[in-house]
Amino acid sequence: MTPQRFVPELSRLPSPLVAAATAAGAQAKQAYAATAMARRVALAREACPEEFEAGKPRLMRLLGEADVLLEPLRRAKRKPAAVATANPQVAMIIPGFGASPLRMRYLARQLESAGHVVKRWGQGRNWGPDPVRFDQIEARLLELHERHGRPVVLIGWSLGGLYAREIAKRQPQAVAKVVTMGSPFSGSPRANNVWRAYQFITGHSVDAPPVEAMLAVKPPVETVALWSANDGVIAPRCAAGRPGERDRAIPLRCTHMGFTYDAQVIATLLSELESTRI
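Description of the structure in this document.

## Overview of the layout of surface pockets
Leftover empty space is mapped by rolling, across the atoms, a probe with the size of a water molecule.
(1) Moving on: In this structure, the largest pocket occupies an estimated 770 Å³ of space.
(2) Moving on: In this structure, the largest pocket is lined by 37 residues; those nearest its centre are Phe97, Ser158, Leu159, Pro184 and Tyr198.
(3) Moving on: At the level of secondary structure, the elements contributing two or more residues to the lining of the largest pocket comprise helix 7 (159–170) and helix 8 (195–202).
(4) Moving on: Per-element tally for the lining of the largest pocket: the top contributor is helix 7, with 4 residues.
(5) Moving on: Partitioned by chemical class, the residues of the lining of the largest pocket number 25 nonpolar, 9 polar and 3 charged.

## Points about the packing of aromatic side chains
The way to describe two aromatic rings as a pair is by their centre distance and the angle between their planes.
(1) Moving on: Here the structure, examined in full by the defined rule, presents 4 aromatic pairs.
(2) Moving on: Arranged with centres 6.3 Å apart and planes meeting at 85 degrees, the rings of Phe97 and Trp127 form a pair that is edge-to-face. With a gap of 30 residues between them, Phe97 in the loop between strand 1 (90–94) and helix 5 (105–113) and Trp127 in the loop between strand 2 (117–120) and helix 6 (131–148) connect regions that are remote in the sequence.
(3) Moving on: Phe97 sits in the partly exposed class, given a relative accessible area of 24%.

## Some words on the environment of Pro101
(1) Moving on: Within the secondary structure, Pro101 is located in the loop between strand 1 and helix 5.
(2) Moving on: Owing to a relative accessible area of 13%, Pro101 belongs among the buried residues under this scheme.
(3) Moving on: C-alpha of Pro101 to C-alpha of Lys119: the two residues are 18 residues apart in sequence and 9.6 Å apart in space.
(4) Moving on: In contact with Pro101, other than residues within four places in its own chain, are Pro95, Arg120, Trp121, Gly124 and Arg125.

## A few points about the packing of helix 2 (residues 36–44) against helix 8
(1) Moving on: As a packed pair, helix 2 and helix 8 sit with axes 8 Å apart at the nearest point and diverge in direction by 165 degrees. On the basis of the axis angle, helix 2 is roughly antiparallel to helix 8. For the pair helix 2 and helix 8, the crossing hand works out as right-handed. Contacts between helix 2 and helix 8 involve Met37, Arg40, Val41, Leu43 and Ala44 from the first element and Trp195, Arg196, Gln199, Phe200, Ile201 and Thr202 from the second.
(2) Moving on: Of the residues belonging to the contact of helix 2 with helix 8, the class tally is 7 nonpolar, 2 polar and 2 charged.

Conventions used here
- Residues numbered from 1 in each chain as written.
- Predicted model: local features only at pLDDT ≥ 70, side-chain atom pairs only at ≥ 80, totals over all residues.
- Heavy atoms only, no water.
- 1 Å grid on protein atoms, 1.4 Å probe; cavity = no way out; pocket = protein on both sides within 12 Å on 5 of 7 lines; lining within 4 Å.
- Points joined across faces, edges and corners; volume = space filled by probe spheres on them.
- Helix = DSSP H or I, 4+ residues; strand = E, 2+ residues; numbered from the N terminus.
- Nonpolar A, V, L, I, M, F, W, Y, C, P; charged D, E, K, R; others polar.
- Phe/Tyr/Trp six-rings, centres within 6.5 Å; stacked < 30°, edge-to-face > 60°.
- Buried < 20%, exposed > 50% of the residue type's maximum accessible area, 1.4 Å probe, protein only.
- Contact = heavy atoms within 4.5 Å.
- Axes fitted to C-alpha atoms, helices over the stretch in contact; angles between N-to-C directions.
- Parallel < 35°, antiparallel > 145°, perpendicular 65-115°, else oblique.
- Left-handed = near helix turned anticlockwise from the far one by under 90°.

Okay, structure coming up:
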């Protein structure tokens with residue numbers, strides 16, 4: 001015999017108790033609605049017309065980003081042979097959204113092994129833009145420029161590439177070249193598979209960042225966009241840009257995560273550094 005459970009019926013409870021419970025529930029709901037968490041959830045659930053997301057990678061492309069899990073095994077067997085550069089450069093690498101300089105360390109070491117000076121951006125993990133962070137990146141760029149006595153090559157992955165473009169607009173005399181890797185500087189900021197997560201984490205809309213920026217406007221320095229049709233996160237067209245939004249667009253065959261370790265990416269960056277003229 002199944003034991004019976006006693007469930008009180010609100011209609012049988014005293015009216016004052018029912019009224020108090022209802023009022024408490026309403027107050028709790030109002031209190032939650034005023035919290036930062038509620039705002040972030042609302043941003044993540046925001047309605048978005050399909051045309052704004054047009055071109056974003058399909059699910060199979062996104063699943064392909066799991067290839068990064070095999071990278072440690074491949075890296076143990078890989079023996080890259082970087083040729084010593086005849087044109088050493090100073091470069092600053094800016095990580096993508098949610099990534100730290102550690103994610104970029106393998107890439108940096110390959111560039112260093114060729115004789116380039118590679119520096120971190122000095123901000124730790126990238127949790128999105130804000131005015132203070134941009135001022136600090138700008139100060140970091142100027143410090144490197146003064147210390148080494150030459151313009152710096154800015155290399156930015158994904159969101160980091162957007163930072164690189166905007167910082168180069170602020171301080172073009174301190175920048176030798178901008179290289180973006182899978183950075184969505186063109187088209188809709190929602191033509192990707194991470195904009196909802198971005199809005200939840202940062203607490204602001206991709207359409208209204210806390211730093212004033214005109215992403216599609218090309219910096220007044222040589223600007224190169226690396227993009228990939230295999231990118232599972234960012235729409236390739238947004239990362240490639242249009243004529244006038246960058247000087248050159250170079251197609252690669254890596255995943256979005258692959259921009260941090262793929263041999264083709266490293267070879268392309270070494271070539272770009274080698275061809276940089278100050």
